[in-house]
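Structural characterization, general
Listed here are the chains, written in short residue letters.
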Amino acid sequence: MGVRAVRGVRDILPTETPTWQAIEAATRRVFESYGYRELRIPLFERTELFARGIGETTDIVEKEMYTFQDRSGDSITLRPEATASVLRAYIEHGLFTQPKPVRLYTVGPMFRYERPQAGRYRQFHQINVEALGEAASALDAEVLGMLMAFFGALGLGERAVLHVNSIGDAACRPAFRTALAEHLGANLGRLCEECRGRVGRNPLRVLDCKKPECQPVLEKAPSILDALCGACREHFERVRRYLDALGLRYEVTPRLVRGLDYYVRTTFEVLTGDLGAQNALAGGGRYYGLIELLGGPPDPGIGFAIGMERVALLLGAGPDPAAAFVQLIPLGEPGLVRCLRLAQVLRAAGLPVEVAYGARRLRTELERAHRLGVPHVLIVGDDELRAGAATLRDMASGAQDAVPLDAVAPRLEGLYAARADGAAPRAARA
Ligand code: HAM
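Bear in mind that the values here come from a model prediction, so they are computed numbers and not experimental data.

Structural notes on the overall build of the protein
Each helix and strand in the protein was counted, giving 17 helices and 16 strands. Its C-alpha atoms give the protein a radius of gyration of 28 Å, clearly above 22 Å, the size a compact globule of 430 residues would have. Referenced to the eigenvectors of the C-alpha coordinate spread, the extents of the protein come out at roughly 90 × 50 × 45 Å. For the protein, buried positions account for 49% of its 430 residues. Restricting to contacts in the protein with at least 6 residues of sequence separation, those with at least 24 account for 70%. When the accessible surface of the protein is split by element, carbon and sulfur atoms take 52% of a total near 20,500 Å². In the protein, the 54 positive side-chain charges and the 52 negative ones have mean positions that sit 3 Å from each other.

In structure tokens, the structure reads:
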């Protein structure tokens, strides 16, 4: 075969797009009901934005970015996540002067040079949310409530489990980091090779290592929740109180630290038991100082990103809706002209219509319509035109009847309207 797609990059085929459209429809419906507005950000940025925004010692910046020099010699990176770009836009366009919190969402592809496997790709898609300029703990609970409402809207409420944690702030985390590094340092020989390298640079990352050899050391590690300062402790207690008030189910997971440097206080992930190793459907958290670091005002923020491929995998392909509701089959030139005009009228009324232009035999056309799952076929031949009527065939039952030509459009529109309630494609229902 000829040129194939790049490893870790995939096509989303027409059988899959109804699921993707359902995810996108749920995104807009749920997030907009919470006052979020869509922002569209570029696919690439200056490399320094991600180096500063995500953190130099993160896996993403150290080894996963698609970075290249453009023709003017500038270092450019394909976006590995959306948060840094959203904050850049927030600063660049003065969005921070709007009433706060400024609520933004964005949907689209991200690029990370990771080892591809089921649920992990080099080009993947995220739904990303940021609420900017508000520090209140009630906002954390609202954001988490919205995230879980999204999964609920897709019927995934039972399969998506919310895990929350607090990782402290600049007042309490340094002492915890030191205590943790001491514990890990004393047990260095019992950690996996990757974690041994992390102890000096980013000991918190060791906490969410999944390798079996690290688990005994991690079970004895100090807990961040015991090390929180008064302000962080109170923030976390309030978040949990509001989550309880919202009736949200969640687990407190003290070892949840996340792979990006910018988080402060609340961090969270949504995990599923149904996807094997790539079990994170979404992740996010709060941040302070990041907007300032990127040259903006000292505004706090909180946000998350949902991995769309993983949500699509959980939902499965769903029924493949027929491309057309009715297929017009002309037999001869006058019938074809009539069908072309009729198709125009029906499409203007919103019906998906296909015309068979080919000189194929009627039986071949009917077989084709059957294979495509088209529910109705209209046959317009010379005999029909002379009689001033066309033959309408219900493909499921095989029943046929002669419909006067001027009654064809209203009849089909009626059939389509009657069907739209029960059998609309999933995307339209979601
Ligand atoms: P993240 O945890 O790196 O967070 O990614 C969020 C989600 O994107 C993951 O839970 C996963 O579902 C999906 N994901 C990540 N990498 C891949 C991949 N290679 N293939 C398929 N899916 C993937 C962030 O990106 C943060 N920017 C989230 C955030 C927003 N925090 C605050 N605001």
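A look at the site of the ligand
Lining the immediate surroundings of the ligand are 25 residues, of which Glu81, Glu114, Glu130, Tyr263 and Ala280 lie closest. Contacts to the ligand include Glu130, whose side-chain N or O atom sits 2.8 Å from a nitrogen atom. Burial of the ligand by the protein amounts to 95% of the accessible area it has alone, namely 660 Å². Of all the elements in the fold, those that place two or more residues in the shell around the ligand are β6 (123–132), β10 (280–287) and β11 (301–307). Here the shell around the ligand gets five residues from one element, more than from any other, and that element is β10.

Comments concerning the sheet that holds β6
Strand order in this open sheet of eight strands is β1-β5-β6-β11-β10-β9-β7-β8, and the pairing throughout is mixed. One side of each edge strand has no neighbouring strand; the edge strands of this open sheet are β1 (37–38) and β8 (251–252). Where strand β5 (residues 102–111) and β6 come together, ten bridges link them in antiparallel fashion. Looking across to β6, one finds that Phe111 is bridged to Gln123. Across the sheet, helix α5 (residues 137–153) is in contact with β5, β6, β7 (161–166), β9 (266–271), β10 and β11; its angle to β11 comes to roughly 15°.

Remarks on the pairing of strand β16 (residues 400–404)
Pairing of strand β15 (residues 389–394) with β16, which is carried by five bridges, proceeds in the antiparallel orientation. Bridge pairing in β16 places Arg393 opposite Gln400. The turn joining β15 and β16, which pair antiparallel and follow one another in sequence, is formed by five residues; a positive phi near 85° is taken by Gly398.

Considerations on the pairing of strand β14 (residues 376–381)
Taking burial as the measure, the six residues of β14 include six buried ones, the bulk of the element. Of the two faces of β14, the one holding His376, Leu378 and Val380 and the one holding Val377, Ile379 and Gly381 are both buried throughout. The sheet contact formed by β14 and β15 spans four bridges and is antiparallel. If you follow His376 over to β15, its bridge partner there is Asp394.

Concerning the sheet that holds β14
Spatially, the five strands line up as an open sheet ordered β13-β12-β14-β15-β16, and their pairing is mixed. Looking at which strands have only one partner, the edges of the open sheet turn out to be β13 (353–355) and β16. Within this sheet the neighbouring strands show an average axis-to-axis angle of 25°, counted without direction. Helix α13 (residues 333–348) rests against β12 (326–331), β13 and β14 of the sheet, and its axis sits at about 165° to β13. Against the sheet, helix α14 (residues 362–372) makes contact with β12, β13, β14 and β15, and its axis sits at roughly 170° relative to β12, the strand it touches most.

Some remarks on the side chain of Arg310
Along the chain, Arg310 turns up in helix α12 (residues 308–315). One buried charged residue, Arg310, remains without a salt bridge, the closest side chain of opposite sign being Glu114 at 5.9 Å. Setting aside residues no more than four positions away along its own chain, Arg310 makes contact with Gly119, Arg120, Leu275, Gln278, Ala280 and Leu281.

Quick notes on α5
With 17 residues, α5 should cover 24 Å at 1.5 Å per step; its first-to-last C-alpha distance of 24 Å lies within 8% of that length. Of all the 17 residues making up α5, twelve are buried; the element is thus mostly covered by neighbouring parts of the structure. Along α5, the residues classified as buried are Ser137, Leu139, Asp140, Ala141, Val143, Leu144, Gly145, Met146, Leu147, Met148, Phe150 and Phe151.

Description of the confidence of the model for the protein
Residues with a pLDDT of 70 or more make up 97% of the protein, whose mean pLDDT is 94. Counting interchain partners and residues more than four positions distant, the pLDDT-below-50 stretch residues 422–430 has 17 contacts.

As for α13
Along its 16 residues, α13 runs 23 Å from first to last C-alpha, staying within 8% of the 22 Å computed at 1.5 Å per residue. Within α13, the full set of buried residues consists of Gly335, Leu336, Cys339, Leu342, Ala343 and Leu346. Mapping the buried residues of α13 onto a view down its axis gives an arc of 130°, with all of them on the same face. Seen from the open side of α13, the exposed residues pointing more than 90 degrees away from its buried face are Glu333, Gln344 and Ala348. The first or second residue beyond α13 is Gly350, which carries a positive phi of 100°.

Rules used in this analysis
Residues numbered from 1 in each chain as written. Predicted model: local features only at pLDDT ≥ 70, side-chain atom pairs only at ≥ 80, totals over all residues. Heavy atoms only, no water. Helix = DSSP H or I, 4+ residues; strand = E, 2+ residues; numbered from the N terminus. Rg over C-alpha atoms; globule rule 2.2 N^0.38 Å. Buried < 20%, exposed > 50% of the residue type's maximum accessible area, 1.4 Å probe, protein only. Contact = heavy atoms within 4.5 Å. Areas by Shrake-Rupley, 256 points an atom, 1.4 Å probe, with all protein chains shown as cover. Lys, Arg positive; Asp, Glu negative; His and termini not counted. Charge placed at Lys NZ, Arg CZ, Asp CG, Glu CD. Near = heavy atom within 4 Å. Polar contact = N/O pair within 3.5 Å; in protein donor to acceptor, adjacent residues only side chain to side chain. Pairing = 2+ DSSP bridges. Axes fitted to C-alpha atoms, helices over the stretch in contact; angles between N-to-C directions. Salt bridge = Lys/Arg side-chain N within 4 Å of Asp/Glu carboxyl O. Expected span 1.5 Å × (residues − 1). pLDDT = per-residue confidence, 0-100. Arc of directions from axis to C-beta.

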